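Take a look at the letters that make up each chain.
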Amino acid sequence: MYCFQCAREYVEEVTECVECGVGLVEDKPTPPEEVGGQDEPQVAYELYEWSFESRRMLEGLLTSEAIPHGWQGAVLIVREADEDRVDALAEQAEEADGPILEDDAEKIGYDMDEWTAEAQGALVKALGLAGIPHMFSAEGELIVAEENEDKVDEVIDQVTHRLAVDDELGEATQVIEGLKLNDLLGDVRTLARKLVKNSGDAKSTLSMVKHAELLSDVKTPFGFDGNRWSQIRLRCTQMHGVLTDEDREEEDVRDAAEALAIELQEVV
Ligand SMILES: [Zn+2]
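Residues numbered from 1 in each chain as written. Predicted model: local features only at pLDDT ≥ 70, side-chain atom pairs only at ≥ 80, totals over all residues. Heavy atoms only, no water.

**Concerning unusual backbone geometry**
Of all residues except glycine, most have a negative phi; of all peptide bonds, most are trans.
In step 1: A positive phi angle, close to 70°, is found at Ala-7, a residue other than glycine.
In step 2: As for its placement among the helices and strands, Ala-7 is situated in the segment before β1 (42-46).
In step 3: Judged by its relative accessible area of 41%, Ala-7 falls in the partly exposed class.
In step 4: One non-glycine residue with positive phi stands out, namely Ala-66, at about 55°.
In step 5: Residue Ala-66 is classed as exposed on the basis of its relative accessible area of 62%. (Helix = DSSP H or I, 4+ residues; strand = E, 2+ residues; numbered from the N terminus. Buried < 20%, exposed > 50% of the residue type's maximum accessible area, 1.4 Å probe, protein only.)

**As for the environment of Lys-219**
In step 1: Along the chain, the position of Lys-219 falls in the loop between α6 (202-215) and α7 (226-243).
In step 2: Judged by its relative accessible area of 36%, Lys-219 is partly exposed.

**Structural notes on the coordination of the zinc ion**
In step 1: Surrounding the zinc ion are the protein donor atoms Cys-3 (SG), Cys-6 (SG), Cys-17 (SG) and Cys-20 (SG), at 2.2 to 2.3 Å.
In step 2: Between the four donor atoms coordinating the zinc ion, the angles at the centre fall across 106 to 112°, so the site counts as tetrahedral.
In step 3: In primary sequence terms, the donor set of the zinc ion follows C-x2-C-x10-C-x2-C. Placement of the pair is Cys-6 in the segment before β1 and Cys-17 in the segment before β1, with a sequence separation of eleven residues.
In step 4: The class for Cys-6 is partly exposed, based on a relative accessible area of 33%. (Donors = N, O, S within 2.8 Å, 3.2 Å for Na, K, Ca; no water. Tetrahedral: all angles 85-135°; square planar, octahedral: opposite > 155°, others 65-115°.)

**So, the domain arrangement of the chain**
In step 1: When the domains of the chain are assigned, the result is domain 1 (1-97), domain 2 (107-169) and domain 3 (178-264).
In step 2: If you average the C-alpha positions of domain 1 and of domain 3, the two centres end up 51 Å apart. (Domains from an automatic or database assignment.)

**Section: the packing of α7 against helix α8 (residues 250-264)**
In step 1: With their axes 9 Å apart at the nearest point, α7 and α8 run at an angle of 160° to one another. Here α7 is positioned roughly antiparallel relative to α8, judged by the angle of their axes. The element α7 and its partner α8 pack so that their crossing is left-handed. Contact residues: α7 offers Arg-228, Gln-231, Ile-232, Arg-235, Cys-236, Met-239, Val-242 and Leu-243, while α8 offers Asp-252, Val-253, Ala-256, Ala-257, Ala-259, Leu-260, Glu-263 and Leu-264. (Axes fitted to C-alpha atoms, helices over the stretch in contact; angles between N-to-C directions. Parallel < 35°, antiparallel > 145°, perpendicular 65-115°, else oblique. Left-handed = near helix turned anticlockwise from the far one by under 90°. Contact = heavy atoms within 4.5 Å.)

And the structure:
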């Protein structure tokens with residue numbers, strides 16, 4: 001058996017390299033300088049931050065796809081010509097890298113029958129981000145460790161809340177980025193603060209109706225967390241709703257403006 005990263009040879013009973021920590025492979029690894037022909041350009045993937053399991057998995061995928069490759073420690077070397085294929089395999093190996101659910105842990109199952117595939121995808125992503133080990137049973141139940149039940153319930157609440165918000169908002173249609181977005185966010189925040197102080201301000205009300213309507217229809221801009229953006233859209237929608245209600249109370253205007261101003265406090 002060989003370590004694919006450092007090429008050290010081991011007897012068959014050994015399962016991982018004592019130096020590198022990664023699982024071993026059967027075939028002798030190719031030295032990185034021998035990947036591709038002499039004049040063929042190479043590309044390097046620095047995978048230091050990847051887990052041992054993901055690197056071992058990528059190694060297996062590359063071998064099974066017969067893509068020439070070599071390793072310099074945690075750096076993978078392939079031919080530039082194979083870059084697209086390697087990107088796809090790397091994505092596959094990285095996605096599989098969730099926290100591992102221990103075999104001997106007490107487990108509980110959640111019925112996922114009512115969940116759409118999209119909602120389940122959002123849940124799996126949220127569980128991964130929260131570092132909660134999970135898997136699906138053959139019957140499609142979500143399986144987690146019993147000790148994480150409270151955390152899982154919390155994640156489920158957050159995800160269902162967010163999906164409900166997204167549902168209510170509908171899909172945004174406008175793309176606004178960069179300076180233009182900053183200006184819009186800044187304007188809305190200023191208007192919100194004005195309305196908190198003086199909820200009857202006619203000029204700010206008119207401007208806010210226009211701005212809040214626009215902002216509530218903007219797609220999640222680059223660099224924004226989707227949840228956070230949904231929340232901003234929701235506040236804008238509520239603000240717009242209050243201001244376009246002819247029977248509005250000053251107090252409702254103030255409350256909606258305050259919630260919106262708080263939401264935008266740290267954004268611009
Ligand atoms: Zn090694």
